[in-house]
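Residues per chain are reported as follows:
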Amino acid sequence: MKEFNNIINGEKVQSDLNFAVINPATGEVFAHCQSADSGMVDQAVVAARNAFSTWSKTSQQERKAKIHAIADALEANMPELMALVTAETGKPMAGLNGVGSGMEVGASMAWAHHTAELDLPVDVIQEDEIASVQVFRKPLGVVASITPWNWPLMIAIWHVMPALRAGNTVVIKPSPLTPLATIRFVEMANEILPPGVLSVITGDASIGAALSEHPDVNKIVFTGSTQTGRNIMQAASAHLKRLTLELGGNDAGFVLNDVNVKDVAPKLFAAAFHNNGQTCACLKRMYVHESIYEELCEELAQLAKTVVVGDGMQDGVELGPLQNKAQLAIVIDLVADAKAHGGRFIAGGYPIDGGGFFFAPTIVADLEDGHRLVDEEQFGPVVPIIKYSDISQIIERANQNENGLGGSIWSSDLVKAAELAQQLECGTAWVNDHGAIQPDAPFGGVKQSGFGVEFGSYGLEEYTSLQTVKITKN
Ligand code: NAD
């Protein structure tokens, strides 16, 4: 069985500790990964600190070229990376609506190329006979990236590429549930980057905590649960580290009475169920006008009953398993609570027998705000459909949820929908779509979904500090 190593200062390192990596489609161990200890955390940060003094001084052109080369390496190794992503996450190679490991690797390449081309402009505030005032964007130093298990490679790229582009060095810690594609990416990148610029250390929460507390880390970019975000923020306070926190979501979608139900149902279904509901910006609460409620519920139930669930390695599979047993247990618990509180199950509602962590795609009608399945992030293939009569009232009510990542309005009246979209308390509001991110538009949350943004020049700025240089000319 293949064993994967940590990479520090450009070298694979040996450790006495290791942990098993499970294929969620079978529940069986398919690889082993060596685990870092706190000494290796320190080694990786020291290597990054040392590499920073030269990497931060490389030219913009050199950094652009190296990031493009990394994107090319991802492309050259796409089949291997796809197989690793599918084996460790369970997501299908193609997947519902094209959302699978092919998309994960493809988007990683696209985001890397786009980030490579971003510029770090120098702003001229004043330039006259009295003074010259310029504002420079400078790298921060060592960035720690801590990633979750749902989109391990893509989120790694989202963190690492802008950090490197801005001239920082990076130590990444992937989720111990899905470390493998990240390790391969770092291996490939180390054939292009100088030693120490990008290291990977693996392990559980204690390794993440050691990295978050390390005095030589200047910034932490974290994607994961809200509770871990709070822990990291606390650890970061001792040394006033910069933070970008992309945390949990419980995105609401509002379907108005003027939609064509048959047209909109597959789009809503894909927005809610792609990656088996395990995307931060999946549509997780669906609010539907009473005049179309039963019809839309029925359409969604049909889609849930016919979508192909199975091992993501097999052709034609649209939804895989939950990524891990603990997440399956959360879904089972929320479903039991919904059953106990009058939820009407019109599709699914049960785990699927076998060794893997499968749960039948589930549509639950007749729940409201105040029920756990509506209020809490389910992160799985179960969606509550809530009936409403007054759109302003229901938006106000839904906005009371503590999360604020994304939201959407579905309507044939684009003007009205755009007005309503602005009433949603979230980082991104979509009209007639949901979760449609792009590398040049900022993405991030408000409220308990975190702060800071990723992507484009907005995201790049988060890896820099501004320095004003004022030259007084007499
Ligand atoms: P998690 O918070 O359990 O773990 C994420 C990472 O943090 C892992 O690498 C883990 O080992 C590490 N970690 C755990 N405790 C730590 C600590 N005390 N200090 C430092 N690191 C620590 O999250 P998860 O279960 O892997 O991911 C699912 C969650 O991520 C969901 O809530 C989802 O909504 C969220 N998510 C958010 C976004 C976004 O962009 N907002 C994207 C994807 C996932």
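Residues numbered from 1 in each chain as written. Predicted model: local features only at pLDDT ≥ 70, side-chain atom pairs only at ≥ 80, totals over all residues. Heavy atoms only, no water.

Notes on the overall build of the chain
Thinking step 1. Secondary structure assignment for the chain yields 15 helices and 21 strands.
Thinking step 2. A compact globule built from 474 residues would reach a C-alpha radius of gyration of about 23 Å, and the chain, at 23 Å, matches this within 12%.
Thinking step 3. When the backbone C-alpha atoms are referred to their principal axes, the chain occupies close to 70 × 65 × 40 Å.
Thinking step 4. Long-range pairs, those at least 24 residues apart, make up 72% of the contacts in the chain between residues at least 6 apart in sequence.
Thinking step 5. For the chain, the distance from the average position of its 32 positive side-chain charges to the average position of its 55 negative side-chain charges is 5 Å. (Helix = DSSP H or I, 4+ residues; strand = E, 2+ residues; numbered from the N terminus. Rg over C-alpha atoms; globule rule 2.2 N^0.38 Å. Contact = heavy atoms within 4.5 Å. Lys, Arg positive; Asp, Glu negative; His and termini not counted. Charge placed at Lys NZ, Arg CZ, Asp CG, Glu CD.)

Describing the pattern of salt bridges
Thinking step 1. In the structure shown here, the tally under the stated rule is 17 salt bridges.
Thinking step 2. For K91, the salt bridge goes to E104, with nearest N and O atoms at 2.5 Å. In this pair, K91 is assigned in the loop between α3 (78-89) and α4 (101-116) and E104 in helix α4, connecting sequence segments 13 residues apart.
Thinking step 3. The closest approach of N and O atoms between E425 and K447, which form a salt bridge, is 2.9 Å. Placement of the pair is E425 in the loop between α14 (414-421) and β19 (428-431) and K447 in the loop between β19 and β20 (450-451), with a sequence separation of 22 residues.
Thinking step 4. Residue classification places E425 among the partly exposed residues on the basis of a relative accessible area of 39%.
Thinking step 5. Accessibility expressed as a relative area gives 33% for K447, which makes it partly exposed. (Salt bridge = Lys/Arg side-chain N within 4 Å of Asp/Glu carboxyl O. Buried < 20%, exposed > 50% of the residue type's maximum accessible area, 1.4 Å probe, protein only.)

Overview of a nonpolar patch on the surface
Thinking step 1. The grouping of M1, I22 and V29 at the surface amounts to a nonpolar patch, some 280 Å² of accessible area in total.
Thinking step 2. According to the relative accessible area criterion, I22 is partly exposed, its value standing at 35%. (Patch = residues over 30% accessible without salt bridge, like charges linked within 9 Å, V, L, I, M, F, W, Y side chains within 5 Å. Areas by Shrake-Rupley, 256 points an atom, 1.4 Å probe, with all protein chains shown as cover.)

Overview of the nonpolar core
Thinking step 1. Of all hydrophobic cores here, the largest spans 61 residues; its most connected members are L164, F185, L193 and L198.
Thinking step 2. A per-element tally of this core places helix α5 (residues 152-165) first, with 10 residues.
Thinking step 3. For this core, the two domains that each supply at least three residues are domain 1 (3-247 + 447-471) and domain 2 (251-431).
Thinking step 4. With residues near it in sequence (within four places) discarded, L193 still touches W55, K66, I70, L164 and L198.
Thinking step 5. Counting residues in hydrophobic clusters, the runner-up holds 31 residues, among them L300, V307, I346 and V383. (Core = buried A, V, L, I, M, F, W, Y, C linked by side-chain atoms within 4.5 Å. Domains from an automatic or database assignment.)

Quick notes on the domain arrangement of the chain
Thinking step 1. Taken domain by domain, the chain holds domain 1 (3-247 + 447-471) and domain 2 (251-431).
Thinking step 2. The gap between the C-alpha centroids of domain 1 and domain 2 is 30 Å.
Thinking step 3. The interface is formed by 29 residues belonging to domain 1 together with 33 residues belonging to domain 2.
Thinking step 4. Interface area for domain 1 against domain 2, summed over the two sides, is near 2400 Å², with a carbon-plus-sulfur share of 60%.
Thinking step 5. Looking at the side of domain 1 facing domain 2, the largest losses of area belong to L96, W149 and K447, adding up to 29% of the total buried there.
Thinking step 6. Here domain 1 is connected to domain 2 by 14 residue pairs in polar contact (both at pLDDT 80 or more). (Buried area = accessible area lost by both parts, 1.4 Å probe. Polar contact = N/O pair within 3.5 Å; in protein donor to acceptor, adjacent residues only side chain to side chain.)

So, the packing of helix α2 (residues 60-76) against α5
Thinking step 1. Close contact between α2 and α5 brings their axes to 9 Å; oriented N to C, the two are set at 155 degrees. Relative to α5, the element α2 is oriented roughly antiparallel. Of α5, the residues touching α2 (which contributes Q60, R63, K64, I67, I70 and L74) are I157, M161, L164 and R165.
Thinking step 2. For the contact of α2 with α5, the class distribution of residues is six nonpolar, one polar and three charged. (Axes fitted to C-alpha atoms, helices over the stretch in contact; angles between N-to-C directions. Parallel < 35°, antiparallel > 145°, perpendicular 65-115°, else oblique. Nonpolar A, V, L, I, M, F, W, Y, C, P; charged D, E, K, R; others polar.)

Overview of α3
Thinking step 1. An ideal rise of 1.5 Å per residue puts 16 Å on 12 residues; α3 measures up with 16 Å between its terminal C-alpha atoms.
Thinking step 2. Here α3 has its buried residues at L81, M82, L84, V85, T86, A87, E88 and T89.
Thinking step 3. G90 lies just past α3 and shows a positive phi near 90 degrees. (Expected span 1.5 Å × (residues − 1).)

Looking at the packing of aromatic side chains
For any pair of aromatic rings, the description consists of the separation of the ring centres together with the inter-plane angle of the planes.
Thinking step 1. Counted according to the given criterion, the structure contains seven aromatic pairs.
Thinking step 2. On the numbers, 5.2 Å between centres and 65 degrees between planes, the contact of W111 with F455 is edge-to-face. One end of the pair, W111, is in helix α4; the other, F455, is in the loop between β20 and α15 (456-461), with 344 residues separating them in the sequence. F455 carries the same exposure label as W111, and that label is buried. (Phe/Tyr/Trp six-rings, centres within 6.5 Å; stacked < 30°, edge-to-face > 60°.)

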